[in-house]
Amino acid sequence: MSNPLATKNTNNLVQLNEEKRIEPLFGPGEDGEEHFRGLVVNGRNIELTLDMPKEEKALLTTALKDLTGHSNIDSAVGFLLNTAETLCIGGSASDLKYLISFLHEMKPADAIEAKLLAQFLLLEATAAKLLHNAKHADVILHGEFNYKHSMKAMNLSQQVIQSLMKYKAKGAQQINIVHMNGDSKAVFTGGGCNTKNK
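Okay, so let's go over this structure. (Residues numbered from 1 in each chain as written. Predicted model: local features only at pLDDT ≥ 70, side-chain atom pairs only at ≥ 80, totals over all residues. Heavy atoms only, no water.)

What follows deals with the pairing of strand β5 (residues 44-47). The sheet contact formed by strand β4 (residues 34-41) and β5 spans 4 bridges and is antiparallel. Bridging across to β5, L39 finds its partner in I46. Hairpin connection of β4 to β5: 2 residues between the antiparallel strands, including N42 at a positive phi of 50 degrees. (Pairing = 2+ DSSP bridges. Helix = DSSP H or I, 4+ residues; strand = E, 2+ residues; numbered from the N terminus.)

Here is the structure:
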């Protein structure tokens with residue numbers, strides 16, 4: 001049975017007509033614990049195996065490229081798993097779901113945007129954890145240490161967002177007219193300097 005959301009293009013690759021929804025797929029491992037097994041793309045379970053069917057591989061490649069900017073399945077999945085493992089918010093399954101949901105919502109245009117968004121998310125999670133530790137510290141010095149480092153992590157997260165905005169602007173300089181003088185001289189700002197122009 002064919003996927004009603006899919007159409008074939010001239011290269012016989014599956015492309016989705018609607019937005020792709022991705023969720024992690026977990027299953028029991030040999031040790032009885034839940035382990036990452038693959039991804040669910042628009043309700044379709046796709047297990048990551050070496051002998052993955054061509055149609056599933058094309059569907060997964062397209063969905064992961066839209067989500068992470070990576071066109072290689074291994075690098076995209078590695079990026080997701082490594083970032084989720086570093087988050088340490090609620091456990092590997094919930095962290096991976098949170099990361100995928102965040103990237104899906106933010107819609108990065110390429111791998112660099114996805115990486116910057118992941119760095120922002122990691123720094124925000126670190127800042128929140130440090131603030132929590134500062135609040136519950138038994139010793140004042142521990143509280144001050146955690147608070148100081150949480151502020152550093154928050155500052156870095158804002159720098160990452162600024163870097164993302166600069167990257168999205170592709171180097172375009174923004175010029176704003178601040179005000180007009182009575183003698184037809186406009187004051188412009190842009191690139192951190194003020195110049196007068198007639």
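Spatially, the 3 strands line up as an open sheet ordered β3-β4-β5, and their pairing is antiparallel. Two strands close off the open sheet at either side, each with one partner strand: β3 (22-28) and β5. Across the sheet, the mean angle separating the axes of adjacent strands is 45 degrees when strand polarity is ignored. (Axes fitted to C-alpha atoms, helices over the stretch in contact; angles between N-to-C directions.)

Relative to the helices and strands, I73 is located in helix α2 (residues 73-87). Remark: the alpha-carbon pair of I73 and T61, spanning 12 residues in sequence, is separated by 5.9 Å. For I73, the residues in contact, after removing those within four places along its chain, are L48, K57, L60, T61 and L64. (Contact = heavy atoms within 4.5 Å.)

Tallying each qualifying case throughout the model produces 2 aromatic pairs. Residues F26 and F36 carry aromatic rings whose centres are separated by 6.0 Å and whose planes lie at 75 degrees to one another, so their mutual orientation is edge-to-face. Taken together, the residues F26 in strand β3 and F36 in strand β4 connect sequence positions 10 residues apart. The interplanar angle of 20 degrees and the centroid separation of 6.5 Å between the aromatic rings of F102 and F120 together place this pair among those described as stacked. With F102 in helix α3 (residues 92-106) and F120 in helix α4 (residues 111-135), this pair connects stretches of sequence that are 18 residues apart. According to the relative accessible area criterion, F102 is buried, its value standing at 15%. Just above the ring of Y167 sits the side chain of K170; from NZ or CZ to the centre is 4.3 Å. (Phe/Tyr/Trp six-rings, centres within 6.5 Å; stacked < 30°, edge-to-face > 60°. Buried < 20%, exposed > 50% of the residue type's maximum accessible area, 1.4 Å probe, protein only. Lys NZ or Arg CZ within 6 Å of the ring centre and 35° of its normal.)

Taking 1.5 Å as the rise per residue, α3 with 15 residues should run 21 Å; its terminal C-alpha atoms sit 21 Å apart, in good agreement. Those residues of α3 that fall on the buried side of the exposure criterion are D95, L96, L99, I100, F102, L103 and H104. In the core, the buried residues of α3 are packed alongside β3, β4, α1 (54-68), α2 and α4. Of the residues flanking the end of α3, it is K107, one or two places downstream, whose phi is positive at about 50 degrees. (Expected span 1.5 Å × (residues − 1).)

In this model, α4 (25 residues) spans 36 Å end to end at C-alpha, consistent with the 36 Å of a helix rising 1.5 Å per residue. Looking only at α4, the buried set comprises E113, A114, L116, L117, A118, F120, L121, L123, A125, A127, L130 and A134. Residues of α4 that are buried in the fold lie against α1, α2, α3 and α5 (140-169). At the N-terminal end of α4, a side-chain oxygen is found 3.2 Å from the backbone nitrogen of I112, two or three residues along, and the residue is D110. (Polar contact = N/O pair within 3.5 Å; in protein donor to acceptor, adjacent residues only side chain to side chain.)

So, about unusual backbone geometry. Unlike most non-glycine residues, N42 shows phi in positive territory, near 50 degrees. Of note, N42 is situated in the loop between β4 and β5.

Moving on: the layout of surface pockets. Rolled over the atoms, a probe as big as a water molecule pinpoints where empty space is left. Of the voids in this model, the largest pocket is the one considered here, and its volume is about 210 Å³. Along the walls of the largest pocket sit L48, T49, L50, D51, M52, K57, N72, I73, D74 and V77, which together make up its complete lining. Considering each element in turn, the lining of the largest pocket owes the most residues, 3 residues, to α2. By residue class, the composition of the lining of the largest pocket is 5 nonpolar, 2 polar and 3 charged. (1 Å grid on protein atoms, 1.4 Å probe; cavity = no way out; pocket = protein on both sides within 12 Å on 5 of 7 lines; lining within 4 Å. Points joined across faces, edges and corners; volume = space filled by probe spheres on them. Nonpolar A, V, L, I, M, F, W, Y, C, P; charged D, E, K, R; others polar.)

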